[in-house]
Structures are given as C-alpha cells and as structure tokens.
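Examining the three-dimensional arrangement
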Amino acid sequence: MSSNLKKIKDTAEPGRRSFLSKLWLGLGLVVFAESIGVVFAFLRPRKPRTSEGGFGSIITAGPVGDFEPNSVTAIVRGHFYLACLEDGGFLALSRKCTHLGCTVPWDSKNNQFTCPCHASVFDIKGNVISPPAPRALDIYPVTIENEIIKVDTRKPIRRSEFRPEQVMYAKRI
Amino acid sequence: MTYNLNGFFSRIRHSIIRGPVYPQTEQECKRIITDSLILHFRPRTVPEPALKFSLTWGLGGMALVLVMLLALTGILLKFVYVPLPGKAYESILVLQNEVWFGQLIRNIHHWCANLLVIVVFLHMLRVFFTGAFHSPRRFNWIIGLFLLFFVLISNFTGYLLPWDQLAFWAITICTGMVEYIPGVGTWLQKMLRSGPEIGPAALLMFYTFHTAILPVCLLICMAFHFWRVRKAGGVIIPASLDDQSDTKPGYVPTIPNLVLRELTVALVLVAFILVFSILFDAPLESPANPGMSPNPAKAPWYFMGIQELLMHFHPVFAVLIIPVLVTGTLILLPYLTYQSNRRTGGVWFFSRKGRRMGIVAAITALVITPPAIITDEYFMNFTASIPGLPTLISNGFFPAAIILAGITGFHRLIKRKYNASTNETIQTLFILLLVSFIILTVTGIWFRGPGMALTWPWNPELSSS
Ligand code: HEM
Ligand code: FES
C-alpha cells in the first residue's frame, strides 16, 4: 500500500501534483467555511416583529398631567414602569431585574421594587437598595412632545446607577 | 403443492433470518449474533466476571433503555404539541385531557428524562470508581462527557416547552446567568433567547434543538460510545483475575447469559417507570406570564448546584470560572499520570485504603459544607468586610482562594497520613468535591424558600406557594 503510494508520487511531477491537491483541499475548506457562514447568517436573531404600540416600538405613555409626582405607573404593553420623581421628572424603568431577569413588581406601600426571585430591592429611581442585583434597573429613552410622554422601548440602556441627567422633564411654559 | 408452499415460505423466512429463530445449541447462540445487525454490536462470548451485576449496576444499559423510551414517547408527543407561545400550554392541556393515554405518555417522558440525568450521572460515577477511564477507555470517557452534556441540554430545552410559569421562569433565570460571562455574555444570552426576552423565537429554537438536533447528537454519540466499549474488549473486569495468566476468566456465550440479564434489567426498569408514571403526574403550573415572576423562581433541579454557587460567589466565579474548572478537570481526568492501573481496574474504589480515604472525604464534606453555606448566608459578608475592592475580588477571588486553600490542605494531610498513591488521592479529592456538590444541589432544591432564603423543606410557606 505505502510502496504503491510512493511509486505514484515518484512518477508524477511533484510540484504540480502537490499544488493541485492543495488547491482542492483549499477549495474544500472554502466550501466548508461558506456553509458554516450561511448557517450562522440564517440563524441570526431577527428583529422581532413588533406591533405598533407594543413592546419593542415607541410607546405613548400619556399626557404629563396624568402622572403625579412620586408615583410609579406600570405600562404593561411596554414592559416598563414610568416613574414620576418627586421633582416631576420622568424615568422609564425596565421591569426586568438586573440580577437574573425576573419581573419586578412595584411595592407602593414601601415605595420600592422588590424582586420575588432573589429578593433584590430597588428604589423609585431604579437604584439598588439591596443586592444580589449588581446594577440599577435599565432605562428606556423618554421624550416629551407637546406634553405627551413617549418611550422608545427598542433598546434598553444599561447603567450602573442613577444619575440626574437620565431624568426627562416636561418643558415648563 | 403443500411441499412447494412450504418451500416458498421457508425461502422468504431464510431470506430474512438465515439461522434458527430460537437458538438451541451454543453454536446457534453464537451464530445468531454474527448474523444479526443489532446483536452484531455484541461479542459472541463475554468473560464471566463481566456479568456480575455489582460491577456496572447495569447503569449504562438503563440509560439506553431510558433514551429509547424517551424517543418513543417524544415522537408521540410531537403529534399533539404546538410550539407557539399562545398554543403550547393549551396543547398540553389537550394532551392531558382529551388524548387517550396522553397524560400517561407525558408522565413517562417527564420521569424518564429526569431519571436519565440521575442514571447517567451514577453511570459516570461507576466508571470513575471502578477505574474504567484509563487507557484504552480514555476517549470513551470523553464521549461519555459529551453524552452527559447532551442529556443535560436535552432536559433543559425540554423544560421550556410546556410554557407554564415553572418553565418560563426557570429558563429565564438560567439564561440570565449566561449574561455574567465576561465579554460574550450579553451576546450569548441574546442568541439563547433569540431576542431580548424569551418569546416565540426562543420557543421554536428550543423545540428544534430538543426534537431534532439533540436526539441526533445523542444517537451518534451513543453508537460511538458502544463501539468503543466493544473495541476496549468489553467492560472493565477486575484485573487480578486476568493476571493469574493460566486461569484466564472463563468465557460464556453472550446469548443467553448477557442478553437475558440485560433484558431483565430493562423490563424491571420499564415496569418501574410505568408504575411511577401512573402514580405521579408530571407537574404543570399556570400558563407562563412574563409579567409576573413566581416566588421563588428556581432553575431546573440539575442546575440547582450552580444556582446555589450563585448565592455565594460573584457571578463570574459561579457561572464561569468554577464550572469551567470542573469541566476541564473532568476532561483531563483520564490523561493525568497515574502510578498503576493494570491491577486495580474493575475494583470498586481502587483499594481498601482508597475506600477508607473516600469515607473520610465524604464525612469531611458533609461536616464542612452545610456550616459553610450557613456562615456565608448569615454571618459573613465578603463585600462588606473588605470594602474598597471590586466585588469580583472580595466576593469571588477571596472565598474561592479560601476554598482552594482548604482543598490543598486536605490533600496534603490525607496524602501524608495514608501514604497514598496518586489514584487514591485523586479519587479522594473527587469524592470531597462530589459530596459538596450534591449538598449544594440538595440545598438549592429543598432548603431554599421564598426569596431564595434558607428554610426547612417542611416549612408550610414552601408548599403553599
Ligand atoms: C446517554 C448516556 C450514556 C449511555 C446510554 C451510556 C451507555 C453505556 C453502556 C451501555 C456501557 C457498557 C457498560 C455499562 O453498562 O456500564 C457504557 C460504558 C462506559 N461508559 Fe457510558 N453511557 C452514557 C454516558 C456516559 C458518561 C456520562 C460517561 C462518563 C463521562 C460514560 C463513560 C463510559 C465509559 C468510560 C465506559 C466503559 C466502561 C467499562 O469499560 O467498564 N458514559 N456506557
Ligand atoms: S432575578 Fe431579581 S433578585 Fe434574582
């Protein structure tokens, strides 16, 4: 078997033969890589098809006057809470716990979010009061036009803690 | 005419099965194996010591039976189940309430899947403790690890399919853990969830993995696994018998000796599963509600050990460093340098000394782990006691270093005290970690209540929620 192989090698022009076999091997690898690429491209997460006004789109929360200072309103179809802070500023807080992703309910009696899963606690600004949650609740960008609050739920913004510039205020006229 | 008809039927029969259908003589018994496609997987004869039940406990065979039961019941379930968030739960209700034997088939699938995790794990322990992972069985240990991985992932992907509260939140929590892997965590989580939250795309993906990709992976690996067992000359048998070279172990025909034993184990197992499935229904909670997490929300029980680690360590340690170290060790296990394996393969726990050291390790783990869990839970706060450092150091590196120091100390001590060989020390450390891991898992399953606080399993709060 091996002596046969040797004979073949000896008689052929070694340079051209090895070049050709390398070419075939290379082509094979290219085909392989391409197939892998196609599979990955095929499986890439698509943009979820969101209904107008549902989670993943721009959501109208309501007129500014509907929300009292120091209150939290659940906007269920947008998967977020609209927090109206003491000074009348607005924050759109994701309802997803930053620990492992449970949904945090608002506990209006104690003025805090308490996660049922591993007992993380967040305040009205989304700051962590009690771990294991490692960072403040995510926020969504809020815009206020003509006294109407709109929240862009396409992409949450990660933050480690609350900072004043995250708050959106209605323009006082 | 009659003569011709007989010849006609016998021609048909012999074209299908050449030999006798029910073998009488030893020759026929051997022949039937080489003549049959499926039985061809087996040798014609097996060494008599290999038949001993307490050598393997039949665990590999049980795993195979469970996989077959899972395939059969799984295919039936596919006729009813609909992988859509709005329909999945409903289709399970239809299955249970309207389909004949629907509940039973679901129960069998559910309990087989859970039992398979236990059986495969025990099988791995059997292979380890009888020293059956040395050459020439090294690579079969690796194939076995792949099988373990596929079994776990099959269970995990199946867990989501009923789309009830239990399923939805367990998968949310587990994919939540992935986010803590530095660098790729967020991306990987998005891939696993097929989007920012678990939804229709995730359910369809889990369904495809669970019912197409993973079964094929399992099947291929199992065929490879069995072939390797054959190539290694069958299961490991105590070498001390082999050594007295003139008294080689007696070989007996596989049929009926081995096949009958396997059939018996399989039948007893099937009977057990059937009775269990008639008595106990697979759980089904209220339909998944992404707006409301149950309290407590727990991972599936076989990942509870990791979840328990998460209660004590910084997530990077709990979900990345520790699991990677453990997996790496399991992979490298057959490739370490051992002093001797010829004489002791097939002997449970290597030697009398190995057995004694193992008991010491198990007791050590039993005595140390629960107090360590309680201390960390109530009395020790690494983050607060070492302020000014990132929690990765204070709540990850520090506790890990303490544990590593403890293990090293134990290793030194036991090695000196018993003057043990490498095989014996590695086995002892393995037992130490194994028992600790089991305690962590048990704590997560039975001793964690609402808010994941430590409670007693008989606490009424647990059963009411
Ligand atoms: C679906 C999962 C699995 C199935 C169906 C399976 C099946 C089997 C069977 C039927 C045998 C023959 C001996 C016996 O019954 O014990 C065997 C042997 C073996 N298994 Fe597995 N196994 C599985 C998983 C594993 C795992 C997780 C490991 C370890 C990491 C493993 C490692 C081995 C090794 C090394 C042998 C050879 C043992 C010897 O020769 O004594 N297997 N397996
Ligand atoms: S998911 Fe909220 S505390 Fe763990």
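Residues numbered from 1 in each chain as written. Chains lettered and ligands numbered in written order. Predicted model: local features only at pLDDT ≥ 70, side-chain atom pairs only at ≥ 80, totals over all residues. Heavy atoms only, no water.

Residues and elements named next belong to chain B. One pass over the full model with this rule turns up 30 aromatic pairs over all chains. For the ring pair Phe224 and Trp227, a centre distance of 6.1 Å and an interplane angle of 25° mean the geometry is stacked. Within this pair, Phe224 and its partner Trp227 are both found in helix H10 (residues 200–231), separated by three residues, close to a single helical turn. Judged by its relative accessible area of 42%, Trp227 is partly exposed. Here a set of aromatic residues connected by ring pairs shows up, and it is made of Phe128, Phe129, Phe133, Trp141, Tyr338, Trp348, Phe349 and Phe430. (Phe/Tyr/Trp six-rings, centres within 6.5 Å; stacked < 30°, edge-to-face > 60°. Helix = DSSP H or I, 4+ residues; strand = E, 2+ residues; numbered from the N terminus. Buried < 20%, exposed > 50% of the residue type's maximum accessible area, 1.4 Å probe, protein only.)

Residue and element names in this part refer to chain B. Surrounding the iron atom of ligand 1 are the protein donor atoms His123 (NE2) and His225 (NE2), which sit 2.0 to 2.1 Å from the metal. Seen from the iron atom of ligand 1, its six donor atoms lie at angles of 85 to 179°, and the figure they make is octahedral. With a gap of 102 residues between them, His123 in helix H6 (residues 102–129) and His225 in helix H10 connect regions that are remote in the sequence. (Donors = N, O, S within 2.8 Å, 3.2 Å for Na, K, Ca; no water. Tetrahedral: all angles 85-135°; square planar, octahedral: opposite > 155°, others 65-115°.)

Here we take up the packing of helix H13 (residues 304–312) of chain B against helix H18 (residues 422–446) of chain B. Residue and element names in this part refer to chain B. Relative to each other, H13 and H18 sit at 85°, their axes nearing to 7 Å. Here H13 is positioned roughly perpendicular relative to H18, judged by the angle of their axes. Across the interface between the two elements, Met304, Gly305, Glu308 and Leu309 of H13 pack against Phe437, Leu440, Thr441, Thr443, Gly444 and Ile445 of H18. For the contact of H13 with H18, the class distribution of residues is five nonpolar, four polar and one charged. (Axes fitted to C-alpha atoms, helices over the stretch in contact; angles between N-to-C directions. Parallel < 35°, antiparallel > 145°, perpendicular 65-115°, else oblique. Contact = heavy atoms within 4.5 Å. Nonpolar A, V, L, I, M, F, W, Y, C, P; charged D, E, K, R; others polar.)

Another point: the confidence of the model for chain B. If pLDDT is low for a region, its predicted coordinates should not be looked at in detail. Predicted confidence across chain B gives a mean pLDDT of 87, with 93% of residues reaching 70 or more. Predicted complex, confidence summary: ipTM 0.78, pTM 0.87. (pLDDT = per-residue confidence, 0-100.)

What follows covers the sheet that holds strand E2 (residues 71–75) of chain A. Residues and elements named next belong to chain A. What the four strands build is an open sheet, ordered E2-E3-E4-E9; its pairing is antiparallel. A strand with exactly one partner marks an edge of an open sheet, and here the two such strands are E2 and strand E9 (139–140). Both E2 and strand E3 (residues 80–84) contribute to a ladder of five bridges, which runs antiparallel. Bridge assignment links Val72 to a residue of E3, and that residue is Ala83. (Pairing = 2+ DSSP bridges.)

The next thing to look at is the domain arrangement of chain B. Residues and elements named next belong to chain B. The assigned domain composition of chain B is domain 1 (5–41), domain 2 (46–236 + 246–303) and domain 3 (312–465). Here domain 1 and domain 2 have C-alpha centroids that lie 35 Å from each other. Ranking the residues of domain 1 by area buried against domain 2 places Cys29, Ile33 and Phe41 at the top, with a combined share of 66%. The interface formed by domain 1 and domain 2 includes zero salt bridges. For the pair domain 1 and domain 2, the number of links is zero residue pairs in polar contact (both at pLDDT 80 or more). Per-class residue counts for the side of domain 1 that touches domain 2 are five nonpolar, one polar and one charged. (Domains from an automatic or database assignment. Buried area = accessible area lost by both parts, 1.4 Å probe. Salt bridge = Lys/Arg side-chain N within 4 Å of Asp/Glu carboxyl O. Polar contact = N/O pair within 3.5 Å; in protein donor to acceptor, adjacent residues only side chain to side chain.)

Now for the pairing of strand E4 (residues 90–94) of chain A. Residues and elements named next belong to chain A. Burial within E4 is extensive, with five of its five residues counted as buried. By the alternation rule, side chains of E4 split into Phe90, Ala92 and Ser94 and Leu91 and Leu93, which are all buried. With five bridges joining them, E3 and E4 adopt antiparallel strand pairing. Counterpart to Tyr81 in the pairing with E4 is Leu93. Connecting E3 to the antiparallel partner E4 that follows it, the hairpin turn spans five residues, and Gly88 within it adopts a positive phi of roughly 85°. Strand direction decides the pairing type here: E4 and E9, joined by two bridges, are antiparallel. Note that in E9 the partner of Leu93 across the bridge is Ile139.

With that settled, the discussion passes to unusual backbone geometry. Following Ser135 of chain B, the chain continues to Pro136 of chain B via a peptide bond in cis, the omega torsion being 5°. Examined against the element boundaries, Pro136 of chain B turns out to sit in the loop between H6 and helix H7 (138–160). For Glu147 of chain A, which is not glycine, the phi dihedral falls at a positive 65°. Note that Glu147 of chain A resides in the loop between strand E10 (142–145) and strand E11 (148–152). Here Glu147 of chain A falls in the partly exposed class, since its relative accessible area comes to 36%. Even without being glycine, Trp163 of chain B reaches a positive phi, approximately 55°.

So, on to the site of ligand 1. Residues and elements named next belong to chain B. Around ligand 1 lies a shell of 25 residues, among which His123, Arg137, Gly144, His225 and Ile236 are the nearest. His225 is positioned with one of its side-chain polar atoms (N or O) 2.7 Å from a nitrogen atom of ligand 1. Here Ile236 contributes a backbone N or O atom positioned 2.9 Å from an oxygen atom of ligand 1. Contributions of two or more residues to the shell around ligand 1 are made by helix H4 (59–78), H6, H7 and H10. Here the shell around ligand 1 takes seven residues from H7, the largest share from any one element. When grouped by side-chain class, the residues that make up the shell around ligand 1 number 15 nonpolar, eight polar and two charged. (Near = heavy atom within 4 Å.)

Attention now moves to the nonpolar core. Counting 113 residues, the largest nonpolar core has Phe113 of chain A together with Trp141 and Leu333 of chain B as the members making the most contacts within it. If one sorts the elements of this core by residue count, H6 of chain B sits on top with twelve residues. A domain split of this core shows at least three residues from each of domain 2 (46–236 + 246–303) and domain 3 (312–465) of chain B. In this view, Leu333 of chain B contacts Phe128, Phe133, Trp141, Tyr338, Ile426 and Phe430 of chain B; residues no more than four positions away in its chain are not counted. In terms of nonpolar packing, the next biggest core, distinct from the first, is built from 16 residues, Ala61, Cys84, Val142 and Ile144 of chain A among them. (Core = buried A, V, L, I, M, F, W, Y, C linked by side-chain atoms within 4.5 Å.)

Tallying the contact residues gives 18 residues for chain A and 26 residues for chain B. Interface area, chain A with chain B, both sides summed: about 1700 Å², of which 58% is carbon and sulfur. On inspection of chain A and its partner chain B, the count reaches two salt bridges. For Glu179 of chain B, the salt bridge is made with Arg158 of chain A, and the minimal N-O distance between the two is 2.8 Å. The interface formed by chain A and chain B contains eight residue pairs in polar contact (both at pLDDT 80 or more). When its residues are assigned to classes, the side of chain A that touches chain B shows eight nonpolar, six polar and four charged.

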